[in-house]
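Read off the chains here:
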Amino acid sequence: MVLSQEFVSEIERAFPSDFMSRDAELLPVYGKDWTKHHAPNPSAVVFPRTTEEVSRFLKLCSRHRVPVVPSGGRTGLAGAAVAAKGEVVLSLDRMNKLGPVDPLAHTVRVQAGVVTEAVHQHCAPHGLVWPVDFASKGSSQVGGNIATNAGGVKVIHYGMTRQWVLGLEVVTMDGQIHELNGALEKNNTGADLKHLVIGSEGTLGVITEATLKLTRLPGQLDVFFFAVDDMRAVLSLFLEARRAPFPLMAFETLSHNCLEASTGHLKLKPPFASAAGAYVLMEVQRPHSPDAQEALDGWLAGVFEKGLVRDGVIAQSPREARELWMIREGIAESLMSGTRFVHKNDVSVPVASLEEFVARMYELFESRHGELEVYLYGHIGDGNLHLNTMKPEAMDREEFLAKCARADRDLFALVQRYRGSVSAEHGIGLLKKDALPYSRTPGEMALLRAIKAAFDPQGLLNPGKIFD
Ligand code: 2HG
Ligand code: ZN
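Figured I'd write up the structure that's included with this text. (Residues numbered from 1 in each chain as written. Chains lettered and ligands numbered in written order. Predicted model: local features only at pLDDT ≥ 70, side-chain atom pairs only at ≥ 80, totals over all residues. Heavy atoms only, no water.)

Describing the site of ligand 1
- The local shell around ligand 1 consists of L77, R328, A332, K344, Y377, H379, H386, N388, E425 and H426.
- Separating an oxygen atom of ligand 1 from a side-chain N or O atom of R328 is a distance of 2.7 Å.
- Here an oxygen atom of ligand 1 and a side-chain polar atom of Y377 are 3.0 Å apart.
- Protein contacts shield 88% of the accessible area of ligand 1, which totals 290 Å² for the unbound molecule.
- Sorting the residues of the shell around ligand 1 by element identifies β17 (374-379) and β18 (384-390) as the ones contributing at least two each.
- Grouping the amino acids of the shell around ligand 1 by side-chain chemistry returns 3 nonpolar, 4 polar and 3 charged. (Near = heavy atom within 4 Å. Polar contact = N/O pair within 3.5 Å; in protein donor to acceptor, adjacent residues only side chain to side chain. Areas by Shrake-Rupley, 256 points an atom, 1.4 Å probe, with all protein chains shown as cover. Helix = DSSP H or I, 4+ residues; strand = E, 2+ residues; numbered from the N terminus. Nonpolar A, V, L, I, M, F, W, Y, C, P; charged D, E, K, R; others polar.)

Comments concerning the side chain of D346
- Take D346: it is sitting in strand β16 (residues 342-348).
- No salt bridge is formed by the buried D346. Its closest oppositely charged neighbour is K432, at 8.4 Å.
- In this structure the side chain of D346 is engaged in a polar contact, spanning 2.6 Å, whose partner is the backbone nitrogen of H426.
- The residues touching D346, leaving out its near neighbours within four places in the chain, are N384, L385, H386, S421, V422, S423, A424, E425 and H426. (Buried < 20%, exposed > 50% of the residue type's maximum accessible area, 1.4 Å probe, protein only. Lys, Arg positive; Asp, Glu negative; His and termini not counted. Salt bridge = Lys/Arg side-chain N within 4 Å of Asp/Glu carboxyl O. Contact = heavy atoms within 4.5 Å.)

Some thoughts on the side chain of K194
- Note that K194 resides in helix α7 (residues 193-197).
- Setting aside chain neighbours within four positions, we find K194 in contact with V165, L166, G167, L168, L180 and N181.

As for the pairing of strand β13 (residues 248-255)
- Within β13, 8 of the 8 residues are buried, which leaves it mostly tucked inside the rest of the structure.
- Bridging between β13 and strand β14 (residues 278-285) involves 7 bridges; their strand directions are antiparallel. Directly across from A250, in β14, lies its bridge partner E283.
- Pairing geometry for β13 and β17, over 2 bridges, is antiparallel. Across the sheet, residue L254 finds its bridge partner in β17, namely Y377. (Pairing = 2+ DSSP bridges.)

Remarks on the packing of helix α1 (residues 5-14) against helix α3 (residues 51-64)
- Contact geometry of α1 with α3 gives a least axis separation of 11 Å together with a crossing angle of 160°. In terms of orientation, α1 and α3 fall into the roughly antiparallel class. The hand of the α1/α3 crossing is right-handed. On α3, the residues touching E6, F7, E10, I11 and A14 of α1 are R56, F57, L60, C61, R63 and H64.
- Class assignment of the residues belonging to the contact of α1 with α3 gives a composition of 6 nonpolar, 1 polar and 4 charged. (Axes fitted to C-alpha atoms, helices over the stretch in contact; angles between N-to-C directions. Parallel < 35°, antiparallel > 145°, perpendicular 65-115°, else oblique. Left-handed = near helix turned anticlockwise from the far one by under 90°.)

What about the sheet that holds strand β9 (residues 177-180)?
- Strand order in the open sheet made by the 5 strands is β5-β6-β10-β8-β9, with antiparallel pairing throughout. A single partner strand is all that each edge strand has here, and the edge strands are β5 (98-102) and β9. Neighbour-to-neighbour, the strand axes of this sheet turn through a mean angle of 10°, independent of strand direction.
- As paired elements, strand β8 (residues 165-171) and strand β10 (residues 206-213) share 6 bridges and run antiparallel to each other. Counterpart to E169 in the pairing with β10 is E209.

Concerning the packing of aromatic side chains
- With the rule as written, the count across this model stands at 17 aromatic pairs.
- Between the aromatic rings of F238 and F251, the centroid separation amounts to 4.8 Å while the plane-to-plane angle is 40°, which identifies the pairing as tilted. Residue F238 is found in helix α8 (residues 231-243), and its partner F251 is found in strand β13; the two are separated by 13 residues along the sequence. Here F238 and F251 have matching classes, each one buried.
- Each residue in the set F7, F15, F19 and F57 is aromatic and connected to the rest through ring pairs, giving one cluster.
- One Lys or Arg, R74, reaches over the ring of Y30 and ends 4.2 Å from the middle of that ring. (Phe/Tyr/Trp six-rings, centres within 6.5 Å; stacked < 30°, edge-to-face > 60°. Lys NZ or Arg CZ within 6 Å of the ring centre and 35° of its normal.)

Some remarks on the nonpolar core
- The biggest cluster of nonpolar side chains holds 56 residues, and the ones touching the most others in it are F226, L237, F251, M282, W299, F357 and M361.
- Not counting the four nearest positions on each side in its chain, L237 is found in contact with F226, V228, F251, V280, W299, V303 and V309.
- Among the nonpolar cores identified, the runner-up in size contains 55 residues, and L60, L204, I207 and L461 belong to it. (Core = buried A, V, L, I, M, F, W, Y, C linked by side-chain atoms within 4.5 Å.)

Comments concerning the sheet that holds β18
- In space, the 7 strands of this open sheet follow the order β15-β12-β14-β13-β17-β18-β16, with antiparallel pairing throughout. Edge strands, defined here as strands with exactly one partner in the open sheet, are β15 (311-314) and β16. Neighbour to neighbour, the strand axes of the sheet diverge by 15° on average, direction disregarded.
- Sheet topology note: the strand β12 (residues 221-228)/β14 ladder contains 8 bridges and is antiparallel. Residue pairing in the sheet places F226 in a bridge with V280 of β14.
- Across the face of the sheet, helix α10 (residues 292-305) comes into contact with β12, β14 and β15 while running at roughly 5° to β12.

Considerations on α10
- Along its 14 residues, α10 runs 20 Å from first to last C-alpha, staying within 8% of the 20 Å computed at 1.5 Å per residue.
- Looking only at α10, the buried set comprises A292, L296, W299, L300, G302 and V303. Across the axial projection of α10, the buried residues extend over an arc of 155°, all falling on one side. In α10, the exposed positions that point more than 90 degrees away from the buried face belong to E294 and E305.
- Buried positions along α10 lie against β12, α8, β14 and β15.
- Just past α10, the residue G307 takes up positive phi, approximately 70°. (Expected span 1.5 Å × (residues − 1). Arc of directions from axis to C-beta.)

This is the structure:
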């Protein structure tokens, strides 16, 4: 889309001189996220500093029918922040103010462009945390976390981002500023509009501020890394972990090829001398009691006695704990590094169906999609699996994507059979639109379209994301 001279002149007249950029080097950066599937092609990027500027800008875009893509840290994995069709990118980068932490209410009010990790650092001196945590926390922004209802490595303990948002300030495409729920813990005045915006991937409104709910920082954490035989063993260990006399903070799994990719990329020493069928990273919170160590040791002895694990290491220092976490959190980056091209899936099934689902899934790939090597990892405690396939060097991209598309159809049919989700935590964006009907009924799709039309009747905000 080519921006009209009238639109550009109005921007120049009504906004600061550094509000809009059409710099040829900046455009491709702001037009994409972590996906490599769509070439970025925005017409401009704008950098508002205030909600009032966002409101005036959206009103102007509505009048000129200019489509807008809201943009945070651009770490998304579904293409929801990609501007491939000449849209104007609205970056929240300059809206990065943090309000004071409220130690009584356990809240903090922040602008949407604040980086996730900055919230952690801001709250830690008060003994508090916004418990939204994942590998991209150093770049991802609060607004993007909320717009995508981000998951991550601590969902098993804390739940998704949705649970840690009290109120939102949202600007709709007509320029109206809505304060949804403010700082209220309790508010039963009809449907909660804030929850419609959370997870809507920037298609309903631009999140400009949020009142975040905080919790106490956990006490001492212990990190274990186990080698086990296979997925069945992972789940037997999970049952033991659920019964353990201490709170479970994370329970993650990875296959051997993921361990190799990540340790190779990060140049870390693999924790075990020989390969195993699968690995588990488990983090627990040590109870504040004199016999806590005994309880931990007793539980650990039990899992070895029962033959549930083949081998295991416990981090002896914060540095060792970080290194074990790096193995797990480095997988995604290692599979995307350099010239590697990866096809991603992020599915979930009810935890009770996991064992059967994983067995069927491997059978499916072996019997029908043998050329695709599966890299399996994820948040097994939440029933969430990241199933990645890498393009072999020699295969061209089109052929690889066609093979992945065929495998996806089989995979999604399997997910549907187990009443799972085709996107557990990454969202739909541009990448998973075709998959959506496997998880949403025609009745639900009609409701989603009606909600979109109510918020954005002209269809100008993040068009083509989630559905067309
Ligand atoms: C993770 O759990 C992220 O590491 C990324 O959600 C997963 O890239 C992926 O498939
Ligand atoms: Zn994940």
